[in-house]
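Coordinate analysis (summary)
Listed below, chain by chain, are the residues.
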Amino acid sequence: MDNENIMMINLAKIKEILNTQSPDLTEDLARQSSGITRQYFGRTITLYTPLYLSNYCSSYCTYCGFNNHNRIDRMKLTTRQIHLEMRQVAQTGIENILLLTGESSKATPLSYLKEAVGIAKHYFTGISLEIHPLETEDYRELYRHGVDGVTVYQETYDQTRYKEIHLSGKKSDYAYRLKTPERVAASGIRQISMGILLGLTDVAEDLWALYHHLGRMERLYPGVEYSLSFPRLRKIKGHDFAICNVDDITFIKIICLTRILFPRVGINLSTRETPRVRDHALGLGVTRLSAGSNTSVGGYATLPLQGQEPQFDIEDTRTVEEMIQLLKTKQFDPVLTDWRPIKNEIV
Amino acid sequence: MKTTELYISERTEDTPLVIAGKVFTSRFLLGTGKFKSKSILEETIAASNAEIVTVALRRIDLERHEENILEYIPKRVTLLVNTSGARNAKEAIRIARLARESGCGNWIKIEIMNDSKYLLPDNNETLKATEALVKEGFIVLPYMFPDLYTARELIKAGAATVMPLGSLIGSNQGLKAKAFIKILIDEIDAPIIVDAGIGTPSQAAEAMEMGADAVLANTAIATAGDPPLLAKAFAMAIHAGRLGYLSTMPEIHDTADASSPLTGFLYEKS
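Report on the accompanying structure. Source: prediction; values computed, not measured.

Cut-offs used in this document
- Residues numbered from 1 in each chain as written.
- Chains lettered and ligands numbered in written order.
- Predicted model: local features only at pLDDT ≥ 70, side-chain atom pairs only at ≥ 80, totals over all residues.
- Axes fitted to C-alpha atoms, helices over the stretch in contact; angles between N-to-C directions.
- Helix = DSSP H or I, 4+ residues; strand = E, 2+ residues; numbered from the N terminus.
- Left-handed = near helix turned anticlockwise from the far one by under 90°.
- Contact = placed C-beta atoms within 7 Å.
- Nonpolar A, V, L, I, M, F, W, Y, C, P; charged D, E, K, R; others polar.
- Pairing = 2+ DSSP bridges.
- Parallel < 35°, antiparallel > 145°, perpendicular 65-115°, else oblique.
- Buried ≥ 20, exposed ≤ 12 C-beta atoms within 10 Å, placed from the backbone.
- Right-handed = clockwise from strand over helix to strand, strands pointing away.

1. Some details on the packing of helix 3 (residues 79–90) of chain A against helix 4 (residues 110–123) of chain A
Residue and element names in this part refer to chain A. Interaxial distance between helix 3 and helix 4 falls to 10 Å at its minimum, and their mutual angle equals 35°. Helix 3 and helix 4 meet at a crossing whose hand is right-handed. Contacts between helix 3 and helix 4 involve Thr79, Ile82, His83, Met86, Arg87 and Ala90 from the former and Glu115, Ala116, Ile119, Ala120 and Tyr123 from the latter. Grouping the amino acids of the contact of helix 3 with helix 4 by side-chain chemistry returns seven nonpolar, two polar and two charged.

Structure (structure tokens):
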């Protein structure tokens, strides 16, 4: 694995790497990966916090706590609540915010998103969205309003499996979702986060497809800053939808392999992961960590009054301040500010 | 520290580095990205004796939520804000204006990249940004791919220097672009600062020996086990390379050069 070219690795090789039960191989991957990460990113880790705006959803995705068949209280933050939530998060010093919604263009239309982004600009310097897929024109509007990044995961590239778990709603359209990163990039938005939900299908095959998708995006839109996420499926309300469990060893191998193949790509790690995994993954290839996360709508300032079901349970409950201190102890510079808003203009 | 100062002060024949009328005794520019802590950065700046330090505006916390990087940069140093993150001239211009409005001065390193894989500078956009920012009164130091035509246009547009890359940024590959940087050194009447890809003190010395006016380094130092020590080594190497250049070193030959003439016997009086 001393070649950076994705074309030099094939599916069989990925399978072999993930399936070989050899501590030496894992160690070798980790050493290469940590060296590359140190070279390209130095000892810095960017921190961000997710903020849920709404849990209304018109899609039925069997693994998601927000799906429209789940009987949960639906809620959408009001203008006042958006201010309250953001003020609360901003007090931690976080400057990068990820705004999330369920997949509902009815409950959270473009106008609502634009309003939320407009408010976020008062509190944060870097604004990203994880929302239902839009058309290029809509992304362009959001970009002009100050959106810097969009997160959109294909979840799985196995089309049969995709149909089985995305039963209805807009998200059941595999092809439309697949083309979403291209529509985002065409709008001028500077950061795109892509990913797969680990546990839905054969991990090696999904990983291989994701690498190809990223490789294609890099060719088409070389100016975009890409990052990848590998969320592992978690239980929601007692259900376990993972058909295969991705253990910690495989998970770490995925991070390392990704870093070796894509030296400059960002790798995100959310609070779905345990403190133990997060703390150890730090030096191995991860470049961006979420911190102080709450995955419920209104979870930062409004929740104490009205309890909401989270999208998924978080494993790492440490505060932003605790993460900052931890990073310093581990000799990493926590990066809170990683972008200055400049007026985004279409060129 | 003392050793570096000694090396630097012993040379008196050298003319100082002058950029936009400002005189610098150090020919080492230090970048501030990728350091594990702000305090290590502070120590490294001190050890480097650098008089020009680059900072990415995107990383400056103007709202003062965190440790502000600017507080770790001594006042004696000229702050050179870079436009990291800019993908085109318009974005670079906005970043430069924001830097000036935020009190970061008017020295700007234009850094425009529209390729997240190789991070190569876009010379066309860099030229456009240079033209615009010079008109707005900025002191412009453009980071560029070593192309003679672009370098000429940049200087014509009013750039204070040109900063050609040695090799891919952060790669530590050294002077992959040596032959083309040499052309700039020979042909451009402005300071040539070799930027990007310089991974070792010897590579920095090599750039200086061939006549570069200064060297900028960041990644290699920031990611070293002992950044202040490596910064000191770079400072000494850059100075050593400069002295070598000034000495008009003899050329390097591929074959042995006999010190006695081979045909002398023909002219000997028997």
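Next comes the rest of the write-up.
2. Observations regarding the sheet that holds strand 4 (residues 52–56) of chain B
Residue and element names in this part refer to chain B. If you walk across this open sheet you meet the eight strands as 8-7-6-5-4-3-10-9, and the pairing is parallel. Among the strands making up the open sheet, the edge pair consists of strand 8 (163–164) and strand 9 (193–195). Relative to strand 5 (residues 78–82), strand 4 runs parallel, the two being bridged by five bridges. The partner of Val53 across the bridge, within strand 5, is Leu79.

3. Structural notes on the interface of chain A and chain B
At the interface, 31 residues of chain A touch 28 residues of chain B. No other element matches helix 2 (residues 23–41) of chain A, which puts four residues into the side of chain A that touches chain B. Partitioned by chemical class, the residues of the side of chain A that touches chain B number eleven nonpolar, seven polar and 13 charged.

4. Points about the packing of helix 7 (residues 201–209) of chain B against helix 9 (residues 227–246) of chain B
Residue and element names in this part refer to chain B. Running from N to C, helix 7 and helix 9 point in directions that differ by 25°, and their axes come no closer than 7 Å. One way to sum up the angle between helix 7 and helix 9 is to call them roughly parallel. The hand of the helix 7/helix 9 crossing is right-handed. In this structure, helix 7 contributes Pro201, Ser202, Ala204, Ala205, Glu206, Ala207, Met208 and Glu209 to the contact, and helix 9 contributes Ala233, Phe234, Ala237, Ile238, Ala240, Gly241, Arg242, Gly244 and Tyr245. Along the lines of polarity and charge, the residues of the contact of helix 7 with helix 9 split into eleven nonpolar, three polar and three charged.

5. What about the pairing of strand 4 of chain B?
Residue and element names in this part refer to chain B. With respect to burial, strand 4 is a largely interior element, five of its five residues being buried. Neither face of strand 4 is exposed, since Ile52, Thr54 and Ala56 on one face and Val53 and Val55 on the opposite face are all buried. In terms of handedness, the path from strand 3 (residues 28–31) via helix 2 (residues 38–48) over to strand 4 forms a crossover that is right-handed.

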